[in-house]
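The lines below spell out each chain.
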Amino acid sequence: MNNRSIFPIRIYYEDTDAGGVVYHARYLHFFERARTEFLREKGASQNELIQQQDIAFVVKKMELDFRYPARLDDLLTVETTLVEVKNASLIFTQKLTKGDQLYCSANVSIACVKITHMKPTAIPQGIKTLLKYEKP
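Only a predicted model underlies this, so the values are computations on that prediction, with no experimental measurement involved. (Residues numbered from 1 in each chain as written. Predicted model: local features only at pLDDT ≥ 70, side-chain atom pairs only at ≥ 80, totals over all residues. Heavy atoms only, no water.)

**What about the side chain of serine 109?**
Link 1 in the chain: You can see serine 109 is positioned in strand E5 (residues 101-114).
Link 2 in the chain: Of the residues examined, serine 109 reaches a relative accessible area of 19% and is grouped as buried.
Link 3 in the chain: For serine 109, the contacting residues outside a window of four places in its chain are Val58, Val59, Lys60, Lys61, Leu90 and Ile91. (Helix = DSSP H or I, 4+ residues; strand = E, 2+ residues; numbered from the N terminus. Buried < 20%, exposed > 50% of the residue type's maximum accessible area, 1.4 Å probe, protein only. Contact = heavy atoms within 4.5 Å.)

**Thoughts on the pattern of salt bridges**
Pairs can form between side chains of opposite charge once their charged atoms are near each other.
Link 1 in the chain: This structure, assessed with the given rule, holds 7 salt bridges.
Link 2 in the chain: We note a salt bridge from glutamate 79 to arginine 4, for which the minimum N-O separation is 3.0 Å. Of the two residues, glutamate 79 sits in strand E3 (residues 75-85) while arginine 4 sits in strand E1 (residues 4-10), which places them 75 residues apart along the sequence.
Link 3 in the chain: Owing to a relative accessible area of 22%, glutamate 79 belongs among the partly exposed residues under this scheme. (Salt bridge = Lys/Arg side-chain N within 4 Å of Asp/Glu carboxyl O.)

**Details of unusual backbone geometry**
Link 1 in the chain: A positive phi is found at aspartate 54, a non-glycine position, where the angle reads about 60 degrees.
Link 2 in the chain: Inspection of the secondary structure puts aspartate 54 in the loop between helix H2 (46-53) and strand E2 (55-66).
Link 3 in the chain: With relative accessibility at 23%, the residue aspartate 54 sits in the partly exposed group.
Link 4 in the chain: Backbone geometry places methionine 118, a non-glycine residue, at a positive phi of 50 degrees.
Link 5 in the chain: Judged by its relative accessible area of 51%, methionine 118 falls in the exposed class.

**Things to note about the nonpolar core**
Among soluble globular proteins, nonpolar side chains are generally buried collectively.
Link 1 in the chain: Core analysis: the largest hydrophobic core is formed by 29 residues, its most contacted members being Tyr27, Phe30, Phe57, Leu90 and Leu96.
Link 2 in the chain: Going through the elements one at a time, helix H1 (26-42), E2, E3, strand E4 (89-98), E5 and helix H3 (125-131) are the ones with two or more residues in this core.
Link 3 in the chain: The contact partners of phenylalanine 57, leaving out residues within four places of it in the chain, are Leu39, Gln46, Leu49, Leu90, Ile110, Ala111, Cys112, Ile123 and Ile127. (Core = buried A, V, L, I, M, F, W, Y, C linked by side-chain atoms within 4.5 Å.)

Purely spatial values, then, with no claim about function.
Below you can see the structure in the form of structure tokens.
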């Protein structure tokens, strides 16, 4: 099964500081978009989860390693890999690259929460089935 997804990112002026280098907080946006698209590719709509099941996936923990500065107009790729599926959480690794150059990497823990009380809840079996997770 495919636990990986590739998502292109273009660096726009709004992503950069006065020197044309990507502002560090923007990497969070890039990784968030890529995780959302990973789930969408698997058939899991976060909007439907919110509207129909009152659950959401939220970042619990994130570790970033900045390696190389991204700049205005760069066309980069975010590789998102689902590393582990637990009862109420997902673990991802993500890499922002251009060719063989690693710009930034992230280890991300995502919790599944019931929106009405913002407490952890089990990931629905239907979502686990869509993810078709297999240990590498």
